[in-house]
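Residue strings, one per chain:
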Amino acid sequence: GGAIFLVPEIGLTPQFLARFRARFGERAVAILHSGLTERERFDEWRRILRGEARLVVGPRSAVFAPVRSLRLLVVDEEHDHSYKQEEGLRYQARDVALTRCALDGAVAVLGSATPSLETLHLAQQGRITLLRLPARVTGRSMPHVEIVDMREQPVEDPDAPGALLSPPLRDAITENLEAAGQTILLLNRRGFATVVLCTGCGTHFRCEDCDVSMTYHGRRHAVMCHWCGRTNPLPERCPACEGHDTLRLTGRGTERIEEELRALWPAMRVDRLDADTTRSRSSHRRILDRFRDGEVDLLVGTQMVAKGHDFPRVTLVGVLQADAALHLPDLRSAERTFQLIAQVAGRAGRGDLPGRVIVQTYHPEHHAIARAATHDYDGFVSWEMPLRQGLGYPPFARMTMVRVSSP
């Protein structure tokens, strides 16, 4: 029979593709994703349709691959919200996978260290089977997680390089660099500065179309809306009050953190993985390959760095602003915070050396952060499920969004 293996990010396809081709042969495995040219996608699609390739690897759109005699469909990191297509044909690939397997008589495997509450609820109802893997591969121990309460870490100058890094995290980075270990830093905000503010009149730059704050990108010297993509050059004067030298860049994104890390540790080789550095073809793979080959000491990035990567040399992971997502108006904000911390923590200590994780937060007592620090998924669920049930939220109810859009 045939099989489909779904991954949450295009950047994860190379490592799985290499493993599957080594096991099943070059011609037996096909790849489908939006990074291919139209000709490449057409050729792969025809190989699958003719039955030449019986295993397909790819992100969410690969769920529609015309695999003959489908017998197995694996959704890796099934909790990841990137499986939800928000534009054009809207669908949730995880749900499509379950439906397709039901129609084809195939087996669906939803894999995750932090399953979505919807998936767990299906298992609790007996509609799907729950299988547990209680230990890491080869019996390795989970990394030690330290919580740094940022309320107890006074910052003298918030604009100084490295002001976002607590002293414990700075010391850990220095020690890890000296020990020739690799480090991953997670900051789920891209760009150089998250807010552009006029100190004269108080105006801050917002998108004219979306009414959300625009982020400053240093290399482009422009402000950009991360919702619609609108980009405007940064003016020399405030457009509201015409003030000169009153515009101030506040907040930090991955671009600024990368620059500050280079200033603080000149000898350290730093690279960045986010939507801005992975726009060009194959850039995602090149960045990860350099890190995997030991050519980079520290990789800073958004949630892209948290997903499914296997880097044996990574012995330190730092999480900056771990509680940022808690303040979003989203019923799944706590769940996503827990999943993100747990997932990025899992990148540490995957080799022979033990891993260490430092989580910086202003809410160390929040159940999502406290439970993630102890790798306690069941404990998180025991807190979160009653809250969802009491509020009538999924998985105890269904919610529908009606979206109307027009020029």
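Residues numbered from 1 in each chain as written. Predicted model: local features only at pLDDT ≥ 70, side-chain atom pairs only at ≥ 80, totals over all residues. Heavy atoms only, no water.

Peer 1: What is the right way to read a nonpolar patch on the surface from this model?
Peer 2: Together, W45, L49, F64 and L89 make up an exposed nonpolar region whose accessible area comes to about 400 Å². Topologically, L49 is positioned in helix α2 (residues 38-49). (Patch = residues over 30% accessible without salt bridge, like charges linked within 9 Å, V, L, I, M, F, W, Y side chains within 5 Å. Areas by Shrake-Rupley, 256 points an atom, 1.4 Å probe, with all protein chains shown as cover. Salt bridge = Lys/Arg side-chain N within 4 Å of Asp/Glu carboxyl O. Helix = DSSP H or I, 4+ residues; strand = E, 2+ residues; numbered from the N terminus.)

Peer 1: What exactly am I supposed to notice about unusual backbone geometry here?
Peer 2: Across the chain, the bulk of peptide bonds are trans and the bulk of non-glycine residues have phi less than zero. Of note, the bond from P394 into P395 is cis; its omega dihedral lies within 30 degrees of zero at 10 degrees. Within the element layout of this structure, P395 appears in the segment after α10 (377-391). With a phi close to 55 degrees, E77 is a non-glycine residue in the positive phi region. Tracing the chain through its elements places E77 in the loop between β4 (70-76) and β5 (84-85). Given the relative accessible area of 9%, E77 is considered buried. We note that A180 has phi near 65 degrees; this positive angle belongs to a residue other than glycine. Looking at where A180 falls in the secondary structure, it is placed in the loop between α5 (167-178) and β9 (182-186). With a relative accessible area of 66%, A180 lands in the exposed category. (Buried < 20%, exposed > 50% of the residue type's maximum accessible area, 1.4 Å probe, protein only.)

Peer 1: Where do I start with the pattern of salt bridges in this structure?
Peer 2: Any two side chains of opposite charge can pair, on the condition that their charged atoms come close. For the structure on display, the rule yields 30 salt bridges. Among the ionic pairs, R356 bridges to E175, the shortest N-O distance being 3.7 Å. With R356 in strand β18 (residues 356-361) and E175 in helix α5, this pair connects stretches of sequence that are 181 residues apart. Among the residues examined, R356 registers a relative accessible area of 28% and is labelled partly exposed. A relative accessible area of 47% places E175 in the partly exposed class. Taken together, the shared-partner salt bridges in this structure form one network comprising E258, R262, R272 and D274.

Peer 1: Help me out: how do you make sense of the packing of aromatic side chains in this one?
Peer 2: The description of an aromatic ring pair uses the distance of the two centres, along with the angle that the planes make with each other. In total, this model carries 8 aromatic pairs according to the counting rule given. Aromatic side chains F64 and Y91 sit 5.0 Å apart centroid to centroid with 75 degrees between the ring planes, which places their arrangement in the edge-to-face category. Placement of the pair is F64 in the loop between β3 (55-58) and β4 and Y91 in strand β6 (residues 91-92), with a sequence separation of 27 residues. Take F64: its relative accessible area is 38%, and that puts it in the partly exposed class. Overall, Y91 belongs to the buried group, its relative accessible area being 13%. Centre to centre, the rings of F338 and Y377 are 6.2 Å apart; their planes meet at 45 degrees, and the pair counts as tilted. Residue F338 is located in helix α8 (residues 333-345), and its partner Y377 is located in helix α10; the two are separated by 39 residues in the primary sequence. Taken individually, F338 and Y377 each receive the classification buried, so the pair is uniform in this respect. Counting every residue linked through ring pairs, the aromatic cluster contains F5, F16, F20 and F24. (Phe/Tyr/Trp six-rings, centres within 6.5 Å; stacked < 30°, edge-to-face > 60°.)

Peer 1: Please clarify how the nonpolar core should be interpreted in this entry.
Peer 2: It is characteristic of soluble globular proteins that their nonpolar side chains tend to be buried jointly. Counting residues in hydrophobic clusters, the biggest one holds 36 residues, and the most contacted among them are I184, V317 and V344. Broken down by secondary-structure element, the contributors of at least two residues to this core are α4 (117-124), β9, α7 (283-292), β17 (314-319), α8, β18, α9 (367-373) and α10. Per-element tally for this core: the top contributor is α8, with 5 residues. With residues up to four places along the chain from it excluded, the contact list for I184 reads F291, L299, V305, F311, V314, L316, V317, G318, V344 and R347. Of all hydrophobic cores here, the second largest spans 20 residues; its members include L32, V56, A62 and C101. (Core = buried A, V, L, I, M, F, W, Y, C linked by side-chain atoms within 4.5 Å. Contact = heavy atoms within 4.5 Å.)

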